[in-house]
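Secondary and tertiary structure notes
Residues per chain, in single letters:
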Amino acid sequence: MADGIRVEGLQAWFGPVHVLKGIDLHIVPGAVTAIIGPSGCGKSTFVRCLNRMHEVVPGARVEGHVYLGDEDLYGPAGDPVAIRRRIGMVFQKPNPFPTMSVFDNVAAGLRLNGFRRADLREAVEAALERAALWDEVKDQLEKSGASLSGGQQQRLCIARALAVEPEVLLMDEPCSALDPMATAKIEELIQELKKRLTVVIVTHNMQQAARVSDQTGFFLLGELIEFDETGRIFTNPRDRRTEDYITGRFG
Amino acid sequence: MLRHFDEELGQLKEKVLKMGGLVETMVERAVASLVDRDSRLAEEVIASDAKVDTLEVEINEECIRLLALHQPTAVDLRFLTTAMKIITDLERMADQAVNVCQRAVELNEEPQLKPYIDIPIMAQLAQKMLRDSLDAFVGRDVQLARDVIPADNKVDALKDQVFRELLTFMMEDPRTIPRATRLILVSRYLERVADHATNIAEMVVFLVEGKDIRHIPRK
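In this text the structure is predicted, and so the values were computed from the model without any measurement. (Residues numbered from 1 in each chain as written. Chains lettered and ligands numbered in written order. Predicted model: local features only at pLDDT ≥ 70, side-chain atom pairs only at ≥ 80, totals over all residues.)

1. Some points on the overall build of chain A
Along its length, chain A carries 10 helices and 10 strands. Whereas a compact globule of 251 residues would reach a radius of gyration of roughly 18 Å, chain A reaches 18 Å, a difference of no more than 12%. Taken along its principal axes, the extent of the C-alpha atoms in chain A is 55 × 45 × 35 Å. Counting the 251 residues in chain A, one finds 43% classified as buried. For chain A, the share of sequence-separated contacts (at least 6 apart) that also reach a separation of at least 24 residues comes to 69%. (Helix = DSSP H or I, 4+ residues; strand = E, 2+ residues; numbered from the N terminus. Rg over C-alpha atoms; globule rule 2.2 N^0.38 Å. Buried ≥ 20, exposed ≤ 12 C-beta atoms within 10 Å, placed from the backbone. Contact = placed C-beta atoms within 7 Å.)

Dropping the structure here:
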């Protein structure tokens, strides 16, 4: 079973701008955690700190600790590349490698990690199965990744992330660019994924957070205002600001 | 596409059925405690009411949680809102069964006034109405639900008959008044059980057809 993630005193800057002001939370393994909040609250930055993508931006800085199991990802022994294999990510706009086939898209991470050719086929099929895409592409593995529909492309990106068997999958607004049917398919997929992985999903769609997640964290202006079981947050939140956001009374 | 939400709805339905089963048993045993003059049975039934109350609270919370988390529409929305109303009727039916038991304990302390004939018939009719309305809920069977509603008239007629008969007893011999009034109350409680079953049936029609047929005067 996957490890959980413990965040302690996490702070982040873009140059002089203080975007995360000390975040403490515990992401439960084998469950879906949703991160919600208005634009600019720091939710995407937070998630990018979990797999050390935030620091890639020039002028960006992080302080604090992120523990995956026992390992402090920001400790001296932390290797960003290894971390990004244990913690995969899927983005808002589906981004399959445009010049590669469906097969090669999924195999890309495996090849980089030294997978033997003999095992590739099996691993690619397994990843596409787990992303609920295999049936739709099994006869077209050589087709370009970009030839698929938006929803299929996003599931292809999920398969690509799953191929290297991460413990955690980060999803930054994964359905924002998709139609309702494709969104519903991915939401059902997330329920399957959490049986073997830990999932963290950033979403500006509160109803999606309510449908899909087990825990929800509400961010506002770089702070974590409330973090609780999703059922509790959406029926009886503790903080007035959470309630105002959820009921749409904000701004 | 089978949704995760469908599993949760299924579990909720099971809980409502479980509650309905408990209530049905309580009504049956309440009348038995009267007919068989078994006050210990009556006390058992009274004690079992707590389980029904607990289920009502649990199911109610679960409905609210599902409404908040899944924002259901159309038939899913009607299912949850009718479930919330149905459990209220079920809980009231259990309370009526408790009332029957309390009168049974009192009646069992005196000699039986007369053979109990109409009251057991009322109970059987009310129990069947409950069973059918719950089956209709689970099977989304509109015809079964609609058939429950006229059965209420039979129960009302029996209630009136019981009242007239016991009135005669009381007028002829005032010493029968304590027992006769308690029996009249029992018949009222059973008539209320039948009314609640009718409510459930009407909610099932709303669930399936989206049409609210309550409060329409019946001939």
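Now that the structure has been shown, we can carry on.
2. Quick word on helix H2 (residues 39-70) of chain B
Over its 32 residues, H2 of chain B runs 47 Å from end to end, which matches the ideal 46 Å to within 8%, given 1.5 Å per residue. Within H2 of chain B, the full set of buried residues consists of Ala-42, Val-45, Ile-46, Val-52, Leu-55, Ile-59, Cys-63, Leu-66, Leu-69 and His-70 of chain B. Structurally, H2 of chain B contributes buried residues whose contacts are with helix H8 (206-212) and helix H9 (230-235) of chain A together with helix H1 (4-35) and helix H3 (74-107) of chain B. (Expected span 1.5 Å × (residues − 1).)

3. Notes on the nonpolar core
Ala-159 and Val-200 of chain A together with Val-27, Ala-126 and Val-204 of chain B are the most contacted members of the largest nonpolar core, which has 128 residues in total. Residue contributions to this core peak at 15 residues, all from helix H6 (residues 177-209) of chain B. (Core = buried A, V, L, I, M, F, W, Y, C linked by C-beta atoms within 7 Å.)

4. Looking at the interface of chain A and chain B
Facing the 10 residues of chain A at the interface are nine residues of chain B. Among the elements of the structure, helix H7 (180-193), H8 and H9 of chain A are those that each provide at least two residues to the side of chain A that touches chain B. With four residues, H9 of chain A is the single largest residue contributor to the side of chain A that touches chain B. Tallied by class, the residues present in the side of chain A that touches chain B amount to three nonpolar, five polar and two charged. (Nonpolar A, V, L, I, M, F, W, Y, C, P; charged D, E, K, R; others polar.)

5. Regarding unusual backbone geometry
Both trends apply: most residues other than glycine have a negative phi, and most peptide bonds are in trans. Positive phi, normally seen in glycine, also occurs at Gln-71 of chain B, with a value near 40°. Following the sequence through the fold, Gln-71 of chain B ends up in the loop between H2 and H3.

6. A closer look at the packing of H1 of chain B against H3 of chain B
Packed helices, taken two at a time, are described by the angle between their axes plus the distance between the axes. Residue and element names in this part refer to chain B. Interaxial distance between H1 and H3 falls to 9 Å at its minimum, and their mutual angle equals 20°. Taken together, the axis directions place H1 and H3 in an arrangement best described as roughly parallel. Seen along the crossing, H1 lies across H3 with a hand that is left-handed. On the side of H1, the interface is formed by Leu-9, Leu-12, Val-16, Met-19, Gly-20, Val-23, Met-26, Val-27, Ala-30, Val-31, Ser-33 and Leu-34, while H3 contributes Phe-79, Ala-83, Ile-86, Ile-87, Leu-90, Met-93, Ala-94, Ala-97, Val-100, Cys-101, Ala-104 and Leu-107. (Axes fitted to C-alpha atoms, helices over the stretch in contact; angles between N-to-C directions. Parallel < 35°, antiparallel > 145°, perpendicular 65-115°, else oblique. Left-handed = near helix turned anticlockwise from the far one by under 90°.)

7. Brief notes about the pairing of strand S10 (residues 223-229) of chain A
Residues and elements named next belong to chain A. When strand S9 (residues 215-220) meets S10, the two strands line up antiparallel, connected through six bridges. Residue pairing across strands places Phe-218 opposite Glu-226, the latter belonging to S10. The turn joining S9 and S10, which pair antiparallel and follow one another in sequence, is formed by two residues; a positive phi near 50° is taken by Leu-221. (Pairing = 2+ DSSP bridges.)

8. Regarding the environment of Arg-240 of chain A
By the secondary structure assignment, Arg-240 of chain A is in helix H10 (residues 240-246). Between the alpha carbons of Arg-240 of chain A and Ile-225 of chain A there is a distance of 9.8 Å; along the sequence they are 15 residues apart.

9. Thoughts on the sheet that holds strand S2 (residues 17-27) of chain A
All names here are of chain A. Spatial ordering of the open sheet is given by S2-S1-S4-S5, a layout of four strands whose pairing is antiparallel. Lying at the two open borders of the sheet, with one neighbouring strand each, are S2 and strand S5 (71-72). Pairing analysis gives two bridges linking strand S4 (residues 60-68) to S5, with the strands arranged antiparallel. Bridged to Tyr-67 within S5 is Asp-72.

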